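# Structural overview for review
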Amino acid sequence: MTSLTRITIDPHHPAARADLADVNSLHKTLMRMVPDQAGPTPRATGGLLFRAEPGPTLLVQTAHTPDLTALPTSYGTARTLDLTPLLNSLIPGRTMRYRITAAPTTALSAGNPTRHPVTGKRRGKITHLTGDDAIAWWQRRATDAGLEPLTISSLPRPFPRTHLARSAPYFKLTQFDGFACITDTGLLTHALKNGIGRAKTYGAGLLSLVPA
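It should be emphasised that the depicted structure is a prediction, and the values quoted were computed from it without experimental measurement.

In this structure, Leu90, Trp138, Leu207 and Leu209 are the most contacted members of the largest nonpolar core, which totals 28 residues. Elements with a minimum of two residues in this core: α4 (84-88), β5 (95-102), α5 (131-144), β10 (173-182), α6 (185-194) and β11 (207-211). Setting aside residues up to four positions removed in sequence, leucine 207 forms contacts with Tyr98, Arg99, Ile100, Trp138, Leu147, Leu188, Leu192 and Ile196. Among the nonpolar cores identified, the runner-up in size contains 21 residues, and Val23, Val60, Ala103 and Ala204 belong to it.

Structural data, given as structure tokens:
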């Protein structure tokens with residue numbers, strides 16, 4: 001059962017303040033909600049996707065019913081919903097309102113001499129996209145996810161980090177909002193459950209839909 005949990009955070013709680021200031025800390029806290037963290041990719045296995053909203057509010061999606069008791073005491077108030085009714089309502093031709101905070105990127109491989117050890121292809125340098133390039137990126141990704149965007153608005157989103165390790169990635173996040181028409185239910189269901197794009201550990205990739 002894919003679940004969506006809305007957590008209204010207590011901004012005075014010390015752990016909550018730390019999480020709002022650093023996305024790495026936030027990710028560690030939310031991973032406690034995932035029942036089974038076994039395996040090499042516990043975030044993906046648990047289906048954890050999340051997005052920060054004003055309030056402050058967190059939207060947290062998991063592949064199973066989350067363990068809310070694992071959150072710090074008095075962290076905030078939480079409510080969990082089963083997304084099965086939404087998934088069952090996805091019909092081609094239906095117009096939906098969407099929101100996603102994503103990390104638009106492209107791989108520029110020109111002049112890169114390093115080849116992938118398995119595929120033999122040249123490794124591309126990851127470049128962040130903003131403005132019109134980011135919008136074009138979302139149009140392509142939405143189409144691949146079974147959505148035809150009818151309207152698109154975008155704005156940059158903060159990427160809170162108090163401690164930036166030299167080896168840690170840093171993504172430029174963009175929030176996309178608008179209306180879209182469903183074109184492929186299978187592709188859209190997969191995108192909803194698994195997220196879109198990079199930086200899912202850092203609060204990107206969660207696609208939200210409501211009927212228009």
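Okay, back to it.
What follows covers the environment of glycine 47. Inspection of the secondary structure puts glycine 47 in the loop between α3 (42-46) and β2 (49-53). Sequence separation of glycine 47 and glycine 195 is 148 residues, and the distance between their C-alpha atoms is 8.7 Å. Setting aside its immediate chain neighbours within four residues, glycine 47 contacts Gln61, Thr62 and Ala63.

What follows deals with the layout of surface pockets. There is about 480 Å³ of room inside the largest pocket. What lines the largest pocket is a set of 23 residues, and nearest its centre among them are Leu4, Arg6, Leu59, Ser208 and Val210. Among the secondary structure elements, those contributing two or more residues to the lining of the largest pocket are β1 (3-9), β2, β3 (57-62), β4 (76-82), β5 and β11.

Let us now look at the pattern of salt bridges. Counted under the stated rule, the structure contains three salt bridges. Between arginine 99 and aspartate 177 there is a salt bridge whose closest N-O contact spans 2.5 Å. On the criterion of sequence distance, the pair formed by arginine 99 in strand β5 and aspartate 177 in strand β10 is long-range, its members being 78 residues apart. Each of Arg51, Glu53, Arg99 and Asp177 takes part in a single network of salt bridges with overlapping partners.

Where helix α1 (residues 14-21) contacts helix α2 (residues 23-31), the axes come no closer than 5 Å and their chain directions differ by 125°. Of the possible angle classes, the one that applies to α1 and α2 is oblique. In this structure, α1 crosses over α2, and the sense of that crossing is left-handed. Across the interface between the two elements, Ala18, Asp19 and Ala21 of α1 pack against Val23, Ser25, Leu26 and Thr29 of α2. The class makeup of the residues in the contact of α1 with α2 is four nonpolar, two polar and one charged.

Calculation notes
Residues numbered from 1 in each chain as written. Predicted model: local features only at pLDDT ≥ 70, side-chain atom pairs only at ≥ 80, totals over all residues. Heavy atoms only, no water. Core = buried A, V, L, I, M, F, W, Y, C linked by side-chain atoms within 4.5 Å. Buried < 20%, exposed > 50% of the residue type's maximum accessible area, 1.4 Å probe, protein only. Helix = DSSP H or I, 4+ residues; strand = E, 2+ residues; numbered from the N terminus. Contact = heavy atoms within 4.5 Å. 1 Å grid on protein atoms, 1.4 Å probe; cavity = no way out; pocket = protein on both sides within 12 Å on 5 of 7 lines; lining within 4 Å. Points joined across faces, edges and corners; volume = space filled by probe spheres on them. Salt bridge = Lys/Arg side-chain N within 4 Å of Asp/Glu carboxyl O. Axes fitted to C-alpha atoms, helices over the stretch in contact; angles between N-to-C directions. Parallel < 35°, antiparallel > 145°, perpendicular 65-115°, else oblique. Left-handed = near helix turned anticlockwise from the far one by under 90°. Nonpolar A, V, L, I, M, F, W, Y, C, P; charged D, E, K, R; others polar.

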